[in-house]
Amino acid sequence: MASTADEPEPLDPAGEAPSVDPSTTPSAPRRHGPGVSTGQPRRKGGRRRSDNPHVPRRPTHRKNSTEPRRRELLQALGIFQRATPDQLWKLTRPDNQHDKLTRDTLLDLQDHHLVRIELVREDQRQVWVLTKRGHGEAKKLLEPKGIRISALREEKYDPVTGELLGASYDDHSAAVTTTAAELHRAGIGHRLGFATEIPHRLADGYVQRADLVARAQAAGVPVMLLEIDRRTEDAHDLVTKLRRYWEWGRLLAPDADRLTVDLVRSRVGAIEGVGHEKRLWRRVYPPTGREGLVPLAFVFADTTEAKVANTVKVLEEAGRRYWAPRRYETYYGEAITAKDYGQAVPVVITTLEQLTEHGADAAVWRRLGRKDEHTLTDALDNPDGDALYRRQYARAEAEDERRRAAEREARRPVCKRCGQKFTDERWEEITVHRTAVTAGDKSVCGDCHADDIARKEAARLQAATPPEPEPEHDQEPGKLRGLFCRRG
């Protein structure tokens, strides 16, 4: 058989190369070092490990794995319980171009029996979970920070078939983790600021669990509750959830003072006058930085635009009492167009497809009661809320003050004697009852009244002074007449 270009010609038993052509090929083979085949050029880099395929190689993922990456993945799996490499990449290192380093680190953790592959999805993506040992390590990383760790996914096998039981990653759980991953990728929240299945107990004992809670103080969203809906629930069920969050936000804190508790119990609607710092939600979550209760977001996944539009329509109509602001009841009436959001739940909506395609920091959020889509912070802000109210109230108050001042000036009396307007002191003098007796002629101004008083005082003094006696006629001028005068 003729040899190919990639395969050297076999040597004869004598160890000599065949001489078939008078060429430059030597008649005797060159001596090569060990590990170099005859006919191959000598390499200058020395012997390589690839020359001997039987020597075990060190996995490349151990070279790429670092302790911070291991810690991040353990924390993420401790919070979300199950995740794919793509989700974990966005939850830990979204600045990387792909999830290669994340997959390498997972393999490293698998070598140390800290994580395992629970299943492979239809799209061939692996779903990773913590082992019992990894769950213990994650607990050490999360519990000191006050972060709740998810339950351990234990390995249970069918005794007959040997198949792994309970190994499923339903689409809802996947959508929740993907939502958190997209928020983190956009800089809205940190993986340690997320929590899943957080309970909110109502006064009647019912517990409403939020699919996801995000805290992103640096991004302008101190707290936000998220409900992930794949349109498996009726739209009115979402209205019921909205009502429950609204009721939970109005609960008083356990340490509320007795006076506040009695006031709320005795009068309907008194809770609206209670500040949020005295309510239960302020013991659980930080202040939102905006008026109103804790924001709520509905994220729709795996659905159509028509279904989303119908659901939003039901939320806006049937849930108006819970999300809509109210008019300010004030003396200035139509001069105040601002809305009172103090008792409303800010509700924003979006789709998981929009978050994945455009990013959670893009204008993909719509606020109930508004038409256009905005960024998340713009959607949560209330440009027609408390800030506008303060400006309009100050402007209306100043205008009302000017109007009242003009009306008062028009009523100011005018002196009938000199034609001058009364001063404020003179006006008050003629209107106050206790001084009306001494006000004199009320038709004259203060100056004219002062002149009247001066004339009257001068007349009184003149009347009280006795007249000087007239001198006698027989008395010589310049001489005093004494009692004992000498006669001569």
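If you're wondering where the values come from, they're calculated on a predicted model, not measured in any experiment.

Engineer: I tried to follow the sheet that holds strand β1 (residues 82–83) on my own but got confused; where do I start?
Structural biologist: Strand pairing within a sheet occurs via backbone hydrogen bonds; the two strands may be parallel or antiparallel. Strand order in this open sheet of 3 strands is β1-β3-β2, and the pairing throughout is antiparallel. Of all the strands in the sheet, the pair left with one neighbour each is β1 and β2 (115–120). The pairing of β1 with strand β3 (residues 126–130) spans 2 bridges and is antiparallel. Its bridge partner lying in β3, A83 is registered against W128.

Engineer: Sorry if this is basic, but what is going on with the nonpolar core here?
Structural biologist: Within soluble globular proteins, side chains that are nonpolar tend to cluster in buried spots. Among the nonpolar cores identified, the biggest contains 45 residues, and L183, L212, M224, L226, V348, W365 and L376 are the most heavily contacted of them. The element best represented in this core is helix α2 (residues 67–80), accounting for 6 residues. Filtering out sequence-adjacent residues up to four positions away, M224 remains in contact with L212, V213, A214, P295, A297, V348, W365 and L376.

Engineer: For this particular structure, what's the right way to read the pattern of salt bridges?
Structural biologist: Pairing is possible between side chains of opposite charge, provided their charged atoms come close. Under the defined criterion, the tally for this structure stands at 34 salt bridges. For R70, the salt bridge goes to E67, with nearest N and O atoms at 3.1 Å. One end of the pair, R70, and the other, E67, are both in helix α2, 3 residues apart, so they sit about a helical turn from each other. We note a salt bridge from R70 to D108, for which the minimum N-O separation is 2.7 Å. With R70 in helix α2 and D108 in helix α4 (residues 100–111), this residue pair connects regions lying 38 residues apart in the sequence. In this structure, a network of salt bridges that share partners links the residues D86, K90, D123, R125 and E182.

Engineer: Explanation requested: the sheet that holds strand β6 (residues 194–201) in the structure shown.
Structural biologist: The strand order β6-β7-β8-β9-β12-β13-β14 describes an open sheet built from 7 strands, whose pairing is mixed. Unpaired on one side and paired on the other, β6 and β14 (373–374) mark the two borders of the sheet. Note: strand β12 (residues 347–351) against strand β13 (residues 365–367), 2 bridges, orientation antiparallel. Bridge pairing in β13 places V348 opposite R367. In the packing of helix α6 (residues 171–185) onto the sheet, contacts are made with β6, β7 (207–216), β8 (221–229), β9 (296–300) and β13, and the angle to β7 comes to roughly 25°.

About the cut-offs
Residues numbered from 1 in each chain as written. Predicted model: local features only at pLDDT ≥ 70, side-chain atom pairs only at ≥ 80, totals over all residues. Heavy atoms only, no water. Pairing = 2+ DSSP bridges. Helix = DSSP H or I, 4+ residues; strand = E, 2+ residues; numbered from the N terminus. Core = buried A, V, L, I, M, F, W, Y, C linked by side-chain atoms within 4.5 Å. Buried < 20%, exposed > 50% of the residue type's maximum accessible area, 1.4 Å probe, protein only. Contact = heavy atoms within 4.5 Å. Salt bridge = Lys/Arg side-chain N within 4 Å of Asp/Glu carboxyl O. Axes fitted to C-alpha atoms, helices over the stretch in contact; angles between N-to-C directions.

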